[in-house]
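In case you want the letters, here they are:
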Amino acid sequence: MGVQSNTALKASPRVSTRKRSTTLQHLFDLDSNGNKIANNNITGSSLSSSSSSFNSENEEILSTVSYCTYVFAFTEDECPTQQELKRHKLLQLLSFVKTNKNSVPVQVLSSLISMISANLFRPLPPPSYPCITADFPDDEDPMSAFSPVWSHLQLVYDILIRLVINNEIKVLRQYIDNQFVTNLLALFQSEDPRERDSLKNVYHRIYSRFTFYRAFMRKSMNDVFLHYVFETERHCGIRELLEIWGSIINGFTVPVKEEHKLFLMRVLIPFHKTKGMQAHHRQLAYCVSQFVQKEPVLGGIVVRGILRYWPVTNCQKEVLLIGELEELVENIDPDQYRKLALPLCNQITRSLNSWNSQVAERALYVWNNEHFVKMISVAMEEVFPVVVEGMEKNLKWHWSKSVRQLTENVKVMLEEMDPIFYSKCLQENDLRGSKAHLAEIKRKQNWERIEMAAAQHQYHQPPHFICV
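Quick caveat, the model's predicted, so the values are computed rather than measured. Note that residues are indexed from 1 along each chain, following the sequence as it is written. Totals for whole chains, interfaces and linings use every residue, but because this is a predicted model, local features are given only for residues with pLDDT of at least 70 and side-chain atom pairs only at 80 or more, for both listing and counting. To get the side-chain values, all heavy atoms of the structure are used, and hydrogens and water are removed first.

This part takes up the confidence of the model for the chain. pLDDT gives the predictor's per-residue confidence on a scale running from 0 to 100. Here the chain shows a mean pLDDT of 83. Residues at 70 or above account for 82%. For the chain, per-element mean pLDDT is lowest for helix 1 (residues 2-11), which scores 38, and highest for helix 11 (residues 238-250), which scores 96. It only takes one pair of heavy atoms within 4.5 Å for two residues to be counted as in contact. When the criterion is pLDDT under 50, residues 36-51 qualifies, and its contacts beyond four places in sequence or with other chains add up to zero contacts. Every residue in residues 131-139 scores below 50 in pLDDT, and together they form 18 contacts with partners more than four places removed in sequence or on other chains. Helix and strand definitions here come from DSSP, where helices need a minimum of 4 consecutive H or I residues and strands a minimum of 2 consecutive E residues; each element is numbered from the N-terminal end.

Take a look at the structure:
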């Protein structure tokens, strides 16, 4: 027994030589060590259980995504129950994307983008309107055909826009690349206005968040515009694309870059010559006015460009362009008034002499604009002779009573601006009219003498002579 005790003492000398501590600190240390061990055991078990549940949830989501990858054509051969089941599963995916902000696993995100691509990027049907007509109001879209697939596509677009808004750009960049954006742009040819509206929201969100794609997206849209203006004049999504451009132009800094000024001159101004301009004129006019508001110096370029593409036989376009010019005059740099007054008044005068009463009345209403009258007063010596001649022509020859009444009102206003100069212009106009009348009489007399001489020559001509 003594040997055993000695060996025990030698084996544990600290136990025999050091007193056992019974302080509070020692007890706290023992308690904290025990808690750490217990917590580690509990945490390990909870992590294993949570990882297993997380994996099972991911597997369920991936299975749902895989089912939604199948695209229905909504024909009579397909089962409506399966179509409704896919819609239910798309709603589940939308709920999952909404609740898991910035926490969608990479594998699930990749599968979601693949599912979205399979549903959206599809061959579009041939156009229902092969020829475009211009006889429709601005608020009516002639190219509207509601797709039966929209019940699924709507949810797919909602999932896509949620992914774009809620997830980090660095993660999404791996899946939303240039090709994805190009495929989205091609879908603007869809004839379903609901799809084009959703596309507009998604495309603009991508433009605002993915700053490194902005130059590429602007160039892609410019290519679509140029193809429309100079080749086909047939595209369903011009209105929506111009709305996107309106918000882009609104965010331009001053001074405007040369790249954007070239877009104004080479794309937006030639847009005014297209046949179907009425369908998107409101959006087009907004884009142009944004440029002029940011740099009023551009107003001269815009006004001359619109006058160059002025319609000849399309009265509806003419009414719209008169309104656009009136709006531009309010934002033009006053230093350009003298340069633009004469060409602008020449066109307004031709319009108020139009036999179409709507065009004539719209041109006469321009004189109620204070900025337009101010422009005229700057270059009164050049403008008044042209305007007075047009007014007198309307009062004498126009068939519409309302146009003649409006012309009389404008004439009174012009006389009040400068009575002496107006009377002088009126006298010069009467003198030109009398000279033109005398010239017409002289021309008729000359033709009568020529006809009489020809008749006498034919009477005295030998019968065997044949004049070829």
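Here we come to the packing of aromatic side chains. Two numbers describe a pair of aromatic rings. These are the distance of the centres and the angle of the planes. Classification of ring pairs uses Phe, Tyr and Trp, with its six-membered ring standing for Trp, and accepts pairs whose centres are within 6.5 Å; under 30 degrees between planes counts as stacked, over 60 as edge-to-face, and the remaining range as tilted. This structure, assessed with the given rule, holds 16 aromatic pairs. Geometrically, the ring pair formed by F212 and Y213 is edge-to-face, given 4.7 Å between the ring centres and 80° between the ring planes. These aromatic residues form a ring-pair network of at least three members: F225, Y228, W245, F252, F263, F271 and F291. Cation placement over rings: the criterion is NZ of Lys or CZ of Arg within 6 Å of the ring centroid and within 35° of the ring normal. In this structure, K89 packs its charged tip against the face of Y67, placed 5.5 Å from the ring centre. For the cation-ring pair, R173 lies above F212, with the distance from its terminal atom to the ring centre recorded as 3.9 Å.

The term salt bridge refers to a side-chain nitrogen of Lys or Arg lying within 4 Å of a carboxyl oxygen of Asp or Glu. Tallied over the entire structure, the rule returns 12 salt bridges. D197 is the partner of K200 in a salt bridge, and the nearest nitrogen-oxygen pair spans 3.2 Å. Linking K200 with D197, this pair stays in helix 9 (residues 193-209), spanning three residues, or about one helical turn. Burial classes: relative accessible area under 20% of the type maximum marks a residue as buried, over 50% as exposed, and values in between as partly exposed (1.4 Å probe, protein chains only). Among the residues examined, D197 registers a relative accessible area of 35% and is labelled partly exposed. K200 is paired through a salt bridge with E243; the nearest N and O atoms lie 2.7 Å apart. Of this pair, K200 sits in helix 9 while E243 sits in helix 11; the two residues are 43 residues apart in sequence, bridging distant segments of the chain.

Moving on, we come to empty space enclosed by the protein. In this analysis the probe radius is 1.4 Å and the grid spacing 1 Å, with only protein atoms considered; a cavity is a set of points the probe fits into but cannot get out of, a pocket is an open set with protein on both sides within 12 Å along at least five of seven lines, and lining residues have an atom within 4 Å of a point. Grid points are joined across faces, edges and corners, and a volume is the space filled by probe spheres set on the points. All told, the structure shown has two cavities of 30 Å³ or more when counted by the stated rule. There is about 30 Å³ of room inside the second largest cavity. Lining the second largest cavity, in full, are I322, L325, E326, V329, L344, I348, V366 and F372. Of all the elements in the fold, those that place two or more residues in the lining of the second largest cavity are helix 15 (315-329) and helix 16 (337-352).

Right, let's talk about unusual backbone geometry for a bit. For the bond running from V254 to P255, omega is 5°, close enough to zero to count as cis. Mapped onto the secondary structure, P255 falls in the loop between helix 11 and helix 12 (258-268). Despite not being glycine, E233 has its phi angle at roughly 55°, a positive value. For E233, the position within the fold is in the loop between helix 10 (214-232) and helix 11. Residue E233 is classed as buried on the basis of its relative accessible area, which comes to 15%.

Right, let's get into helix 4 (residues 80-99). The length a helix should cover is 1.5 Å for every residue beyond the first. Here helix 4 contains 20 residues, and its C-alpha end-to-end distance of 29 Å stays within 8% of the 28 Å for a straight helix at 1.5 Å per residue. By the burial criterion, the buried members of helix 4 are Q83, K86, K89, L90, L93, L94, F96 and V97. Buried residues of helix 4, viewed axially, fall in a sector of 160°; they line one side. What points out from helix 4, more than 90 degrees from its buried face, is the exposed set P80, T81 and T99. Working definition: the arc comes from the directions between the helix axis and the C-beta atoms, pointing outward to the latter.

Turning to helix 12, a few remarks are in order. Considered for burial, the residues of helix 12 that qualify are H260, K261, F263, L264, V267 and L268. For helix 12, the angular spread of buried residues about the axis comes to 165°, placing them on one side. Pointing more than 90 degrees away from the buried face of helix 12 are the exposed residues E258 and R266.

Under this scheme, a helix contributes an axis fitted over its contacting stretch, all axes are lines through C-alpha atoms, and angles between N-to-C directions fall in the 0 to 180 degree range. Packing of helix 8 (residues 178-186) against helix 10 leaves a shortest axis separation of 11 Å and a crossing angle of 30°. Once helix 8 is placed against helix 10, the crossing between them reads as right-handed. For the pair helix 8 and helix 10, the contacting residues are N178, V181, T182 and L185 in the first and F216, M217, S220, M221 and V224 in the second. Just so you know the grouping, Ala, Val, Leu, Ile, Met, Phe, Trp, Tyr, Cys and Pro go in nonpolar, Asp, Glu, Lys and Arg go in charged, and all remaining residues, Gly too, go in polar. Taken together, the residues of the contact of helix 8 with helix 10 sort by class into six nonpolar, three polar and no charged. Rotating anticlockwise by less than a right angle from the far helix to the near helix defines a left-handed crossing, while the corresponding clockwise rotation defines a right-handed one.

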